[in-house]
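What follows is the residue order along each chain.
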Amino acid sequence: MPKDKFFKEIANKTHPNEKLVATHCSYCGMQCGMNLRVDTSSNKIIGVEPRYDWPVTLGKMCPKGVTAYQQTNHKDRLLRPLIRDDASKKGTKEGFREASWEEALDLIERRFKELQAKHGKDTLSVFSGVSMTNEKCYLTGKFARLALQTRYIDYNGRFCMSSAAAGFLRTFGVDRGSTLPWTDLHETDCLFIAGSNTAECHPTSMFRIWEVQNRGGYLIVVDPRETPLARRADIHLDLRPGTDLALANCMVNLIIQNGHADKSFVESHTNGFQELLEVVKEFTPEYTSEITGVAPEKLIRAAEIYGKAPEAVVMFARGIEQQHKGADNVSAYTNMALVTGKIGRPKSGVATFTGQGNGQGGREHGQKSDLLPGYRKITNPKHVEEICEVWGLDPEEMPGPGVSAYEMFELMEQKTIRGLYLLCSNPVVSAPNVNYVRAVMKDLDFMVCSDIYLSESAEYADVVLPTTTWAEDEGTVTNLEGRIIKINKAQEPVGESKPDWQIEIEIAERLGRGKYFSHLKTAKDISDEFRLATKGGYADYYGATWEKIDRQHGVFWPCKDEADPGTPHMFLDKQFYHPDGKAKLCALPYRPPAEEPCETYPLRLTTGRVVYHYLSGNQTRRIPFLRDMCPEPYVEVHPETAAAYGIAHEEVVRLHTRRGEMSCKVKVTEAIRPDTVFVPYHFGHDDSVNLLTIPALDPMSRMPEFKACAAQINKLESASSPLTKATGG
Amino acid sequence: MKQHLYIEMDNCIGCRSCLAACTQCGGHDERNRNYVYDVNPLVDRQTIPLMCLHCVNPACARSCPAQAIQVTEEGAVLSALVEKCIGCQNCTIACPYGIPKFDEEQNLMYKCDLCYDRTKEGIPPMCASVCPTNTLQWLTEEELAAKKAQHQMGKWTASRDFLDPLEGETNVKISLPGIIQGKQKLFV
């Protein structure tokens, strides 16, 4: 890949008695390049230096990235396994005692065997995450299917990327989050960004986004809030939360009416145009304005600009995806690119801002309830056979498909699932409707949690295992471009902590399944088996060796063999991944949010992120700089709404929905719709806005609707009013 | 080759990465020396950074009775010398931008030194290195000249001339908010 206009040759700053370890950030899908500073006498990580030669981010980092190094030698690190003998203390930090690995693994072995002997293999479950390497994600899928022999594995990508995955699979027949490399973005002529608070969630994209405007291009932003991105947009489509599908249909309708459809592209490379036309034609600017609350003239102008732009990129994120029609929103916005033919070439295409560090790679290789490595389907006998050949398994032994993340909690309530192995995730903060999630986790027969710190979810565990930070292990991650990159080890694990892959192998051996695992001695061993397992799948990593990743500054999948440099741009040959090579234009009738405002719950509650925190905050809330900048949740309220309720800036109020309640301070701002309130979700215990959110799942992606539910706001003295009592709980 | 810190305020997203990064510079004792302001917090999300502008004739140094504030040949106005600073805080009053900070315990002024241990080696300051938005940039003379042609900096910048309410020429150059207003569009 050629260097782009922002690239500068800059020497690394070196410090005496230190070495630099080139790696990437532990947090979001940007995977910014960074150099960790390691003291050569203590061999400990002590700081960070920019990695100026990383082509995507050029040394840039957000405040999370700058302070990420502080996680590894943090005072809160778990150094030894913890066991809790008194199950009545579950749901608290109390009752844990330090134990040896031997004792902890003995207990896990005994309890897992007991439960499975009594209730069958499927009584155990694995709930995983994608803030870890491809090697760990791959091995966790194998661990569930071969070591625990359970069908029940799923992961926190169900709360993150699953709608993008489902939408792209339906439209393109393949799910690579971006059809083009990020180094193209600043060269496009129009960015149409829906439901992405990019400035806070993927800040190091911003210099490329602003450059589009600096060149005279356009920025169109769809968001209920005037985020720092929307503040500078040429057009801000300030829609009601949960109404994206109408807006996207309107864009497509107007693009066609304006004569901006590329008829020959549509004819040659897509199916479904007539059906699409039938559905979108009712979405006039006026009708769409009624649903979305966006002024008709803004809708008209946005469609005109996108249609006229020589090159354009449609981008989106959790704002459109965390809805019970998230997959439909993804396909509907992607229709814009397909109808205009602005895809399958440099500087034009479609991209989702992947949330977690390995949100892309982690969803491709077998942690999802119905997937096997290489994006193979567990319901496809041919795919099962291919993986069984790599694993040396009789296909008859492959467990069937499980259920999605939130549905696993429902099976825990029904006692279909009695045991949980939780790693790399903190669902009592990040799942919707957490009152329910906490209750069922408390009631589990046995729970193991692997984490670097004692997370809120670890408080529900019987055994807590200390695992390593990203900087204490090595492996690959697939960033939001679909670029496979290398994470490097900067120091030895603290205390007795071990990488998750090693813990899983040790448990597998104790369960008598060592023959499938014991040959894997290092992360590199796992990488080699993992690449082989992806071979021939459409997320094919076989040619992405660690050596090639280093040499090329990453490798974009698919990368089929040694000679293949990888695929930075998807669909350059205009061939999509459906059997006939065509993309599917999806005709998607509008559906409102699952819960609309009513007399009792008159406001729309939407949730999201702040720049200072990552996911459930289990990591970032422990970093002094980040905690100081945003120590607690708040609710954003428009001044008109604040006046109507008689509440003031910084006043503590109580928020209620049909599922739960919380208190937090008010932040009065004109940068939100008067009918909408916003709370960031990174906080635990009583500060978790997911006490309030609704578990309405997308029928395709099983994504909960974090982005829209109905809420009421109360001054504190009226928090226990009869109205609240009658409707709470 | 002389390089300049250049600030394009309109780009700021308020992430405060510059503050976090400031603590990482070798000579900074893990204390940040710059500022990010919410311009109108009850209205919108506009923020602006403010770092030391490294005045050509710095009021802080002129006000110092102990000659504790040195100016390097590149024009970096350094933090007070520990052995000379008498803790009088004249500099904190003299500075038109409110930059110098004061450590009560050490009885010592500290301020942005333009990451002198980096910039003297031609490596950008930490704040400009990490800034995700290019609000803070480290530019050569030619790059700065291109910016001046583009953004009419003379008209906008706080460092225009002595008639400006903010006094004097500074080594750090600023484009105030408004750089994309009136920008010629690629198409209409």
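Residues numbered from 1 in each chain as written. Chains lettered and ligands numbered in written order. Predicted model: local features only at pLDDT ≥ 70, side-chain atom pairs only at ≥ 80, totals over all residues. Heavy atoms only, no water.

A word on the side chain of A:S26. All names here are of chain A. Structurally, S26 is set in the loop between strand 1 (18–24) and strand 2 (33–39). On the accessibility criterion, S26 (8% relative accessible area) is buried. Side chain to side chain, S26 and Q71 meet in a polar contact 2.9 Å long. Discounting residues that sit within four places of it in the chain, S26 has contacts with Q31, A68, Q71 and W470. (Helix = DSSP H or I, 4+ residues; strand = E, 2+ residues; numbered from the N terminus. Buried < 20%, exposed > 50% of the residue type's maximum accessible area, 1.4 Å probe, protein only. Polar contact = N/O pair within 3.5 Å; in protein donor to acceptor, adjacent residues only side chain to side chain. Contact = heavy atoms within 4.5 Å.)

All names here are of chain B. Averaged over every residue, the pLDDT of chain B is 90; the share at 70 or more is 91%. Taken element by element, chain B is modelled with least confidence in helix 7 (residues 153–156), mean pLDDT 52, and with most confidence in helix 5 (residues 126–130), mean pLDDT 98. Complex prediction metrics read pTM 0.96 and ipTM 0.95. (pLDDT = per-residue confidence, 0-100.)

All names here are of chain A. Counting buried residues in helix 4 (residues 162–172) gives 10 out of 11 residues, a clear majority hidden from the surface. Taken residue by residue, helix 4 has S162, S163, A164, A165, A166, G167, F168, R170, T171 and F172 as its buried positions. Of the surrounding elements, those touching the buried residues of helix 4 are strand 12 (312–316), helix 13 (318–321), helix 14 (326–340), strand 13 (349–352) and strand 22 (583–584). Two residues or fewer past helix 4, G173 is found with a positive phi of approximately 80°.

Looking now at the domain arrangement of chain A. All names here are of chain A. Assigned domains of chain A: these are domain 1 (3–71), domain 2 (82–156 + 359–468 + 497–512), domain 3 (178–352) and domain 4 (603–718). One C-alpha centre belongs to domain 3, the other to domain 4, and the line joining them spans 27 Å. Taken together, the two surfaces of domain 3 and domain 4 that pack against each other cover about 1900 Å², and 55% of this comes from carbon and sulfur. If you look at where domain 3 meets domain 4, you find 2 salt bridges. (Domains from an automatic or database assignment. Buried area = accessible area lost by both parts, 1.4 Å probe. Salt bridge = Lys/Arg side-chain N within 4 Å of Asp/Glu carboxyl O.)

Let's shift gears to the UniProt feature "domain: 4Fe-4S Mo/W bis-MGD-type" (unreviewed entry) in chain A. The feature "domain: 4Fe-4S Mo/W bis-MGD-type" (unreviewed entry), as given by UniProt, occupies residues 18–76 of chain A in the numbering adopted here. What you have in residues 18–76 of chain A is 8% helix and 34% strand, and the ends, taken at the C-alpha atoms, are 25 Å apart. (UniProt positions renumbered as here; feature names shortened; annotations may be inferred.)

Within a sheet, each strand pairs with its neighbour through backbone hydrogen bonds, oriented either parallel or antiparallel. Residues and elements named next belong to chain A. In space, the 3 strands of this open sheet follow the order 19-20-21, with antiparallel pairing throughout. Each edge of the open sheet is held by one strand with a lone partner, namely strand 19 (475–478) and strand 21 (555–556). Sheet analysis places strand 19 next to strand 20 (residues 483–487), joined by 4 bridges and oriented antiparallel. Pairing of T476 across the sheet is with K486, part of strand 20. Contacts between helix 3 (residues 134–147) and the sheet are confined to strand 19 and strand 20, with strand 19 contributing the most and set at about 90° to the helix. (Pairing = 2+ DSSP bridges. Axes fitted to C-alpha atoms, helices over the stretch in contact; angles between N-to-C directions.)

Between chain A and chain B, the residue contacts involve 57 residues of the former and 43 residues of the latter. Buried surface at the junction of chain A and chain B, both sides included, amounts to about 4000 Å², of which 53% is carbon and sulfur. Per-residue buried area on chain A facing chain B is highest for A:K13, A:N214 and A:R231; these three make up 15% of the total on that side. Summed over the shared surface of chain A and chain B, the number is 6 salt bridges. As a salt-bridge pair, A:K13 and B:E121 come within 3.0 Å of each other at their nearest N and O atoms. Our count for the contact surface shared by chain A and chain B stands at 29 residue pairs in polar contact (both at pLDDT 80 or more). Of all elements in the fold, only strand 3 (45–50), helix 1 (63–67), helix 5 (198–201), helix 6 (206–214), helix 7 (228–231), helix 12 (296–308) and helix 22 (624–629) of chain A reach the threshold of two or more residues within the side of chain A that touches chain B. No other element matches helix 6 of chain A, which puts 5 residues into the side of chain A that touches chain B. Taken together, the residues that form the side of chain A that touches chain B break down as 27 nonpolar, 13 polar and 17 charged. (Nonpolar A, V, L, I, M, F, W, Y, C, P; charged D, E, K, R; others polar.)

A separate point is the layout of surface pockets. Size it by volume and the largest pocket reaches roughly 760 Å³. In terms of lining, the largest pocket is formed by 34 residues, of which the most central are A:F6, A:K8, B:N134, B:Q137 and B:L139. Take the lining of the largest pocket: its biggest share by element is 5 residues, from strand 6 (residues 136–140) of chain B. Its residues assigned to classes, the lining of the largest pocket comprises 16 nonpolar, 10 polar and 8 charged. The calculated volume of the second largest pocket comes to roughly 640 Å³. Surrounding the second largest pocket, 23 residues form its lining, A:M629, A:C630, A:Y634, A:K667 and B:D38 being those nearest its centre. The dominant element in the lining of the second largest pocket, judged by the number of residues it contributes, is strand 26 (residues 661–668) of chain A, at 3 residues. In terms of residue class, the lining of the second largest pocket is made up of 11 nonpolar, 3 polar and 9 charged. (1 Å grid on protein atoms, 1.4 Å probe; cavity = no way out; pocket = protein on both sides within 12 Å on 5 of 7 lines; lining within 4 Å. Points joined across faces, edges and corners; volume = space filled by probe spheres on them.)

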